[in-house]
Amino acid sequence: GGSGGQPRVVGVLSALLERVTERNDSAEMAVALAAAPASAFRATTKPDISVRAYMSRIARFAGCSPSATWSPTSTSTASSGAGAPSVDSYSVHRLLITAVLAAVKFMDDICYNNAYFAKVGGVSLPEMNYLEVDFLFAVGFDLNVSPETFGHYCAVLQSEMLCLELERAPPAPARAPARLHCYLADQDDTAAAATSTCTQHQLAA
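These numbers were taken from a predicted model, which means no experiment stands behind them.

### Section: unusual backbone geometry
Turning to step 1, where the next piece is worked out: Non-glycine residue Phe-141 carries a positive phi angle of around 60°.
Turning to step 2, where the next piece is worked out: Among the secondary structure elements, Phe-141 is positioned in the loop between helix 8 (125–138) and helix 9 (147–168).

Structure below.
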């Protein structure tokens, strides 16, 4: 479950990918990426749509199964190969739509064609076709997820969910200072207090 009818995993994966892109957008990584080979996944300018909004769009219109929703985790595998694109603000959107397309075709019995995914992802059909082939070569055509890998990503997502819940939790209310209770004493209480005060003065004398 999730807000707005979106699977909760969409928000968690978005947060993870946003953190990765922010790290790779840093000054040191930017220099390294500038020297990296040209990639079909790397756009010339940063897309205006955020990673979270883009993933929500894919989840809404792609019609993929819950299993295929996990597909963006494959981008980390694709990015670890030689010559594979890194995940940054210039490449993350194309990697996402391509990873979902590949996962849907691999996992689901019925899925939309490349022309539909191209419209969802905001790319042309020839570009979508090329990205799909490039992505499959980057992952070695291995789209199968082993139980060990699945368990690893489950643990990562659970940890991320916990961090997000802690960040969104309202701060604990400040402890109120002790309150001083004032009241008007009865006449008898006032007289008794006065008598006690006089007695204390006499003893002191």
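### A short note on the packing of aromatic side chains
Turning to step 1, where the next piece is worked out: Counted by the stated rule, this structure contains 3 aromatic pairs.
Turning to step 2, where the next piece is worked out: The interplanar angle of 85° and the centroid separation of 6.4 Å between the aromatic rings of Tyr-116 and Phe-117 together place this pair among those described as edge-to-face.
Turning to step 3, where the next piece is worked out: For the pair Phe-137 and Phe-141, a centre-to-centre distance of 4.9 Å together with 80° between the ring planes defines the contact as edge-to-face.
Turning to step 4, where the next piece is worked out: By the ring-pair criterion, three or more aromatic residues cluster together here, those being Tyr-112, Tyr-116 and Phe-117.

### So, the nonpolar core
Turning to step 1, where the next piece is worked out: Counting 37 residues, the largest nonpolar core has Ile-58, Leu-96, Ile-97, Phe-117, Met-128 and Phe-135 as its most contacted members.
Turning to step 2, where the next piece is worked out: Elements supplying a minimum of two residues to this core: helix 1 (8–24), helix 3 (51–61), helix 6 (92–107), helix 7 (114–121), helix 8 and helix 9.
Turning to step 3, where the next piece is worked out: Of the residues forming this core, the biggest block, 10 residues, is contributed by helix 6.
Turning to step 4, where the next piece is worked out: Residue contacts for Phe-117: discarding those within four places in its chain leaves Ala-62, Ile-97, Val-100, Leu-101, Val-104, Tyr-112 and Met-128.

### Describing the environment of Cys-163
Turning to step 1, where the next piece is worked out: With respect to the secondary-structure elements, Cys-163 resides in helix 9.
Turning to step 2, where the next piece is worked out: Residue classification places Cys-163 among the partly exposed positions, given a relative accessible area of 36%.

### Points about a nonpolar patch on the surface
Turning to step 1, where the next piece is worked out: On the surface, Phe-106, Met-107, Val-145 and Phe-150 cluster together to form a nonpolar patch covering roughly 350 Å² of accessible area.
Turning to step 2, where the next piece is worked out: Assignment of secondary structure puts Phe-150 in helix 9.
Turning to step 3, where the next piece is worked out: A residue is classified by how much of its surface remains accessible, and Phe-150, at 41% relative accessible area, is partly exposed.

Quick notes on the rules
Residues numbered from 1 in each chain as written. Predicted model: local features only at pLDDT ≥ 70, side-chain atom pairs only at ≥ 80, totals over all residues. Heavy atoms only, no water. Helix = DSSP H or I, 4+ residues; strand = E, 2+ residues; numbered from the N terminus. Phe/Tyr/Trp six-rings, centres within 6.5 Å; stacked < 30°, edge-to-face > 60°. Core = buried A, V, L, I, M, F, W, Y, C linked by side-chain atoms within 4.5 Å. Buried < 20%, exposed > 50% of the residue type's maximum accessible area, 1.4 Å probe, protein only. Contact = heavy atoms within 4.5 Å. Patch = residues over 30% accessible without salt bridge, like charges linked within 9 Å, V, L, I, M, F, W, Y side chains within 5 Å. Areas by Shrake-Rupley, 256 points an atom, 1.4 Å probe, with all protein chains shown as cover. Salt bridge = Lys/Arg side-chain N within 4 Å of Asp/Glu carboxyl O.

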